[in-house]
Amino acid sequence: MSVILLIAFLLPVFRKTEKGKENPTAPKAETVNAPNARGVLKNGGETLSISKSAETVLVIGLDKSDEQIKEEIGDFYNEQMADFLMYMVFDNENMRVDFIQINRDTICEVPWLSVNGMRGGTQTEQICFAHIYGSGGKDSCENTAEAVNMHLFNAPVDHYLSFSLDSIPAINDVVGGVEVTINDDFSAVDKTLVQGKTIRLNGRQAEHFVRARSGVGKGENTERMARHRQYLESFVKASRAAYEKNPNLSADAYNAVKNSLVTDLTSAGVQRFADRLNTYELGEIRHAAGTSAISSETGWVEFYVDKDDLWSIVKETLTHK
């Protein structure tokens, strides 16, 4: 139920709406309907101005395939959870991009939408549930963006991009596969992923590597997040090498996943960020410390973030302090 959205955001991909139709009420290109999109960071009584050169993109990896999503499209609610959340900050003055990885099990205030699509309030739950409110299209992405905005101390979400499970093998193969060392025992999931071996993942192996949780290691999402970071670092190398050899790589990637993405960006806007990801200096993928516990009520894992650590990461990333 995890996804590797790490791949999709490195290459241009674009879909106008989840049904492939233009939505006249959708936000105009290059904007997102997120609260306080250009406000200040707030933590208790402390406020900090956000760097004017920062432009942010939230990447959302869903836990369903295109076929499952098609079956679940509805007017009010859907069953697609935000299984992977990566907040990217582009410093366009210093030509650098930084990453904040968010644990999908994080317990925080999540906005919910009423049947008429209006915000009904917030409730304390896993942040992955933010996407289930709405049709599964742009409204669900915007609700997820709002949850991230609140979780990251009012950090702006300028743009968003979500993708389905089907994007993983497609994008992996576009760059010619990704080389990783298998550090966990995947024998219960994929016997071709031999522990201790370094292999170049094909598309299906890549999906197993970044998605599998149950039956791998302790089965914890924090372990899977570590694999996400490992995969992303290797993917960047493969993407940049392929980008140098193939000037049409962006178009190839777009064609491979164009039916699996929802974004507020135009195709040109996605292309712009793809080019920056292949040319900007890359910062480390940061993630806040915290503790995990199994809920006695639901049996689900709940992650409680260390807010001091998260605040330090957010303010350093968005204010350069």
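Residues numbered from 1 in each chain as written. Predicted model: local features only at pLDDT ≥ 70, side-chain atom pairs only at ≥ 80, totals over all residues. Heavy atoms only, no water.

### A word on the confidence of the model for the protein
Moving on, step 1. Mean pLDDT over the protein stands at 85; residues scoring 70 or higher make up 87%.
Moving on, step 2. Within the protein, the element-level pLDDT minimum falls on helix α1 (residues 5-8), averaging 38, and the maximum on strand β10 (residues 198-201), averaging 98.
Moving on, step 3. The low-confidence segment residues 1-36 (pLDDT under 50) makes 138 contacts with residues lying over four places distant or belonging to another chain. (pLDDT = per-residue confidence, 0-100. Helix = DSSP H or I, 4+ residues; strand = E, 2+ residues; numbered from the N terminus. Contact = heavy atoms within 4.5 Å.)

### A look at the environment of E179
Moving on, step 1. Its place among the elements puts E179 in strand β9 (residues 178-181).
Moving on, step 2. Residues E179 and N202 lie 23 residues apart in sequence; the distance between their C-alpha atoms is 9.3 Å.
Moving on, step 3. Filtering out sequence-adjacent residues up to four positions away, E179 remains in contact with T198, I199, R200 and S234.

### Comments concerning the packing of helix α5 (residues 203-211) against helix α6 (residues 221-245)
Moving on, step 1. Between α5 and α6, whose axes approach to 8 Å, the crossing angle comes to 135°. When the interaxial angle is binned, α5 and α6 end up oblique. Facing A206, F209, V210 and R211 of α5, the residues of α6 in contact are R224, R227, H228, Q230 and Y231.
Moving on, step 2. Of the residues contributing to the contact of α5 with α6, the split by class is four nonpolar, two polar and three charged. (Axes fitted to C-alpha atoms, helices over the stretch in contact; angles between N-to-C directions. Parallel < 35°, antiparallel > 145°, perpendicular 65-115°, else oblique. Nonpolar A, V, L, I, M, F, W, Y, C, P; charged D, E, K, R; others polar.)

### Looking at the sheet that holds strand β11 (residues 261-263)
Moving on, step 1. If you walk across this open sheet you meet the six strands as β11-β8-β3-β4-β5-β12, and the pairing is mixed. Looking at which strands have only one partner, the edges of the open sheet turn out to be β11 and β12 (281-286). Pairs of neighbouring strands in the sheet enclose a mean axial angle of 20°, with direction left out of account.
Moving on, step 2. Pairing analysis gives five bridges linking strand β3 (residues 54-62) to strand β8 (residues 159-163), with the strands arranged parallel. By the bridge assignment for β8, I60 is matched with S162.
Moving on, step 3. In the packing of helix α9 (residues 307-319) onto the sheet, the strands contacted are β3, β4 (82-91), β5 (96-102) and β12, and the crossing angle to β5 comes to about 160°. (Pairing = 2+ DSSP bridges.)

### Description of helix α8 (residues 267-277)
Two residues of an α-helix separated by three or four positions point the same way, owing to the 3.6 residues in each turn.
Moving on, step 1. Among all positions of α8, only G269, V270, F273, A274, R276 and L277 are buried. Along the long axis of α8, the arc covered by the buried residues comes to 160°, so they all point the same way. (Buried < 20%, exposed > 50% of the residue type's maximum accessible area, 1.4 Å probe, protein only. Arc of directions from axis to C-beta.)

### Digging into the side chain of E207
Moving on, step 1. Within the fold, E207 resides in helix α5.
Moving on, step 2. Apart from the residues lying within four places of it in its own chain, the contact partners of E207 are L165, I168, P169 and A212.

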